[in-house]
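# Close look at the chain arrangement
This is what each chain is made of:
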Amino acid sequence: MRIDNIQIKQLIEKHGSPIYLYDKNQIIENIDTIKNISNNPNLAINYAVKANSNLNILKLIKEHGMKVDSTGYGEYIINRNAGFSDEDIYVVCNNLTKQELLLLANQNIRISADCIDQLKTLNEVAPGYQNVMLRVNPTFGAGENESIITGGDKHKFGIDIDDLMPCINYIKENNMKLVGINQHIGSLNLDYKTIVLAVTSLIDLINANNIIVDFINFGGGFGINYNHDTNNQLDFTSLRAELDVIFTDFLNTYPNKEVTLEFEPGRYIVANASILIGTVTSIKRRGNDIYIGTDLGFSQLARPTMYNSHHHISFITDNELRRECHVVGNMCENGDYLCKNRKLVIPDIGDLVIVHDTGAYGYSMASNFNNRLRPIEIMIDDQQHEVIRRRETIEDLLNSYK
């Protein structure tokens, strides 16, 4: 990130610990990269809001020409407050209630049903809905681990291929209108060939069934290099070259020449544009094990505990001695850790700990478990910084009680 250790210390002195710190220019750079994933004029990019829904980050994303993919009414409201129009928002449903579907249908936005029951519920609350998409579950999935793989027959998402035409027939029989098809195979894909396969398989499915729509959404899942291994990067040059050929060939024969070809990245836009800064609170030695205690529990960052995910970790310290250690948080749970058995410089109490690449599924998955307060969020722009969400207070915890 475009910030040095002195500036980080100054931010901690001024705002306290922990801090989610975002790099505005890195977010813009990531947006520019993903918008150039293909030269095809039919291309559109939707940001997957669930990755990070900070209102100020959403405003920045809108300023740079992206649309948004939401998961429900709450994200819809945040998107509208960020300045997105209803035409720029679409919702991918998963087990939404009648009440939530009705609220969304009242906005006449694109709603993607991912099973026949959701489609029937949508028709019940909004008969003859004219802005329907269907989420297909492809025959395969891909991603870092089982929790973030969303395609294939072992996962809850999407309409099985054999059930697709019955859903389309239901739409026709009930005077609804199908405007799009979408899919998502999973997250954190670093092999561009996997993304190409996802694109071609959906195109093949659409062609085989003569499905004519206005929108085709191929999903997201573009990975970032959490391990900081320079040899493990998504090859955008090769991906762009293949997509340009695929899209040109597809549009040469597809009846709707104005069809929008969409991707919906979330993680790629924000993940590497953030660090989470905390403070070392203890150094505990138990036999051969060293536990470095911090104020960064899984209420601040859930990914390591939830997914066993890797984040690069560093310390701002004068020490140089490296030992294998565990870095843990302040939750009353044994599963509360940032890393296990990793060789790191052993810091002193009061030194700062930095967890890298925390912009995606960091704050957005934070909680008040143990009644901990969620951190402050700060955006840097060159040498300037701005608070984009204040730190929670004890009063915030009490306000929802009667």
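See the structure printed just above.
Not measured: the values here are computed from a predicted model.

## Points about the overall build of the protein chain
Tallying secondary structure elements over the protein chain gives 12 helices and 17 strands in all. Relative to the compact-globule value of 21 Å for 402 residues, the protein chain shows a C-alpha radius of gyration of 23 Å, a close match. Taken along its principal axes, the extent of the C-alpha atoms in the protein chain is 65 × 55 × 40 Å. Residues classed as buried in the protein chain amount to 55% of the 402 residues present. Counting contacts in the protein chain only where the partners sit at least 6 residues apart, residues at least 24 apart contribute 69% of the total. Of the accessible surface of the protein chain, which amounts to about 18000 Å², a share of 45% is contributed by carbon and sulfur atoms. Averaging the positions of the 37 positive and the 50 negative side-chain charges in the protein chain gives two centres separated by 4 Å.

## Some points on the environment of Q10
As for its position among the elements, Q10 is in helix α1 (residues 5–15). In this structure Q10 comes out as partly exposed when scored by relative accessible area, which is 47%. C-alpha of Q10 to C-alpha of Y307: the two residues are 297 residues apart in sequence and 32 Å apart in space.

## Quick look at a nonpolar patch on the surface
Together, I394, L398 and Y401 make up a nonpolar patch on the protein surface, roughly 360 Å² of accessible area in all. Following the sequence through the fold, I394 ends up in helix α12 (residues 394–398). With a relative accessible area of 47%, I394 lands in the partly exposed category.

## Some remarks on the environment of Q26
For Q26, the location among the structural elements is in helix α2 (residues 24–35). The spatial distance from the C-alpha of Q26 to the C-alpha of R2 is 8.6 Å, given a sequence separation of 24 residues. In contact with Q26, not counting residues within four places along its chain, are R2, N272 and A273.

## A closer look at the state of the cysteines
Counting across every chain of the model gives zero disulfides. Unpaired in terms of disulfides, C167 finds its nearest cysteine sulfur in C115, a separation of 7.9 Å. The exposure class of C167 is buried, given its relative accessible area of 2%.

## Brief notes about the pattern of salt bridges
As enumerated under the stated definition, the model contains seven salt bridges in all. Here K98 ties to E124 by a salt bridge, and the two come within 2.8 Å at their closest N and O atoms. Of this pair, K98 sits in helix α5 (residues 98–105) while E124 sits in helix α6 (residues 116–125), and the two are 26 residues apart along the sequence. Among the residues examined, K98 registers a relative accessible area of 42% and is labelled partly exposed. Note on E124: relative accessible area 51%, which makes it exposed. Here E392 ties to R374 by a salt bridge, and the two come within 2.7 Å at their closest N and O atoms. Here R374 lies in the loop between β15 (352–356) and β16 (376–381) and E392 lies in the loop between β17 (384–389) and α12, a separation of 18 residues in the sequence. We classify R374 as partly exposed; its relative accessible area is 23%.

## Some remarks on unusual backbone geometry
The peptide bond linking S17 to P18 adopts the cis configuration, its omega dihedral lying at 5 degrees. Along the polypeptide, P18 turns up in the loop between α1 and β1 (19–23). We note that N308 has phi near 55 degrees; this positive angle belongs to a residue other than glycine. Assignment of secondary structure puts N308 in the loop between α11 (303–307) and β12 (313–316).

## Structural notes on the nonpolar core
Ranked by internal contacts, the top residues of the largest apolar core, which has 101 residues, are Y47, L134, I181 and F263. For this core, the element with the highest residue contribution is helix α8 (residues 192–208), accounting for eight residues. In this structure L134 touches S112, A113, L119, I159, L164, C167, I168, I171, L178, G180, I181 and N182, once residues within four positions along its chain are discounted. Counting 14 residues, the second-largest nonpolar core is a separate cluster that includes I3, I316, L352 and I380.

## A look at the side chain of E377
Secondary-structure assignment places E377 in strand β16. Take E377: its relative accessible area is 0%, and that puts it in the buried class. Side chain to side chain, E377 and Y22 meet in a polar contact 2.5 Å long. At 2.7 Å, the side chain of E377 and the side chain of R389 are in polar contact.

## A short note on α5
Every buried residue of α5 is listed here: L101, L104 and A105. For α5, the angular spread of the buried residues around the axis is 95 degrees, confining them to a single face. Elements in contact with the buried residues of α5: α4 (73–81), β4 (89–92), β5 (110–113) and α6.

## Quick notes on the pairing of β5
Covered by surrounding structure in β5 are R110 and S112 together with I111 and A113, the residues of both alternating faces. With three bridges connecting them, β4 and β5 associate as parallel partners. Bridge assignment links Y90 to a residue of β5, and that residue is R110. Crossover handedness for the path β5 to α6 to strand β6 (residues 132–135): right-handed.

## Re the packing of aromatic side chains
A complete count under the given rule lists 11 aromatic pairs for this structure. Judged by centre distance (5.8 Å) and plane angle (25 degrees), the ring pair of Y73 and Y76 falls under stacked. Of this pair, Y73 and Y76 both sit in helix α4, separated by three residues, roughly a single helical turn. You can call Y76 buried: its relative accessible area is 3%. Through a chain of ring-to-ring contacts, three or more aromatic side chains come together here, namely F218, F222, F236, F247, F263 and Y268. One residue, K340, lies across the ring of Y337, its end atom 4.3 Å from the ring centre.

Reading guide: rules and limits
- Residues numbered from 1 in each chain as written.
- Predicted model: local features only at pLDDT ≥ 70, side-chain atom pairs only at ≥ 80, totals over all residues.
- Heavy atoms only, no water.
- Helix = DSSP H or I, 4+ residues; strand = E, 2+ residues; numbered from the N terminus.
- Rg over C-alpha atoms; globule rule 2.2 N^0.38 Å.
- Buried < 20%, exposed > 50% of the residue type's maximum accessible area, 1.4 Å probe, protein only.
- Contact = heavy atoms within 4.5 Å.
- Areas by Shrake-Rupley, 256 points an atom, 1.4 Å probe, with all protein chains shown as cover.
- Lys, Arg positive; Asp, Glu negative; His and termini not counted.
- Charge placed at Lys NZ, Arg CZ, Asp CG, Glu CD.
- Patch = residues over 30% accessible without salt bridge, like charges linked within 9 Å, V, L, I, M, F, W, Y side chains within 5 Å.
- Salt bridge = Lys/Arg side-chain N within 4 Å of Asp/Glu carboxyl O.
- Disulfide = S-S within 2.5 Å.
- Core = buried A, V, L, I, M, F, W, Y, C linked by side-chain atoms within 4.5 Å.
- Polar contact = N/O pair within 3.5 Å; in protein donor to acceptor, adjacent residues only side chain to side chain.
- Arc of directions from axis to C-beta.
- Pairing = 2+ DSSP bridges.
- Right-handed = clockwise from strand over helix to strand, strands pointing away.
- Phe/Tyr/Trp six-rings, centres within 6.5 Å; stacked < 30°, edge-to-face > 60°.
- Lys NZ or Arg CZ within 6 Å of the ring centre and 35° of its normal.

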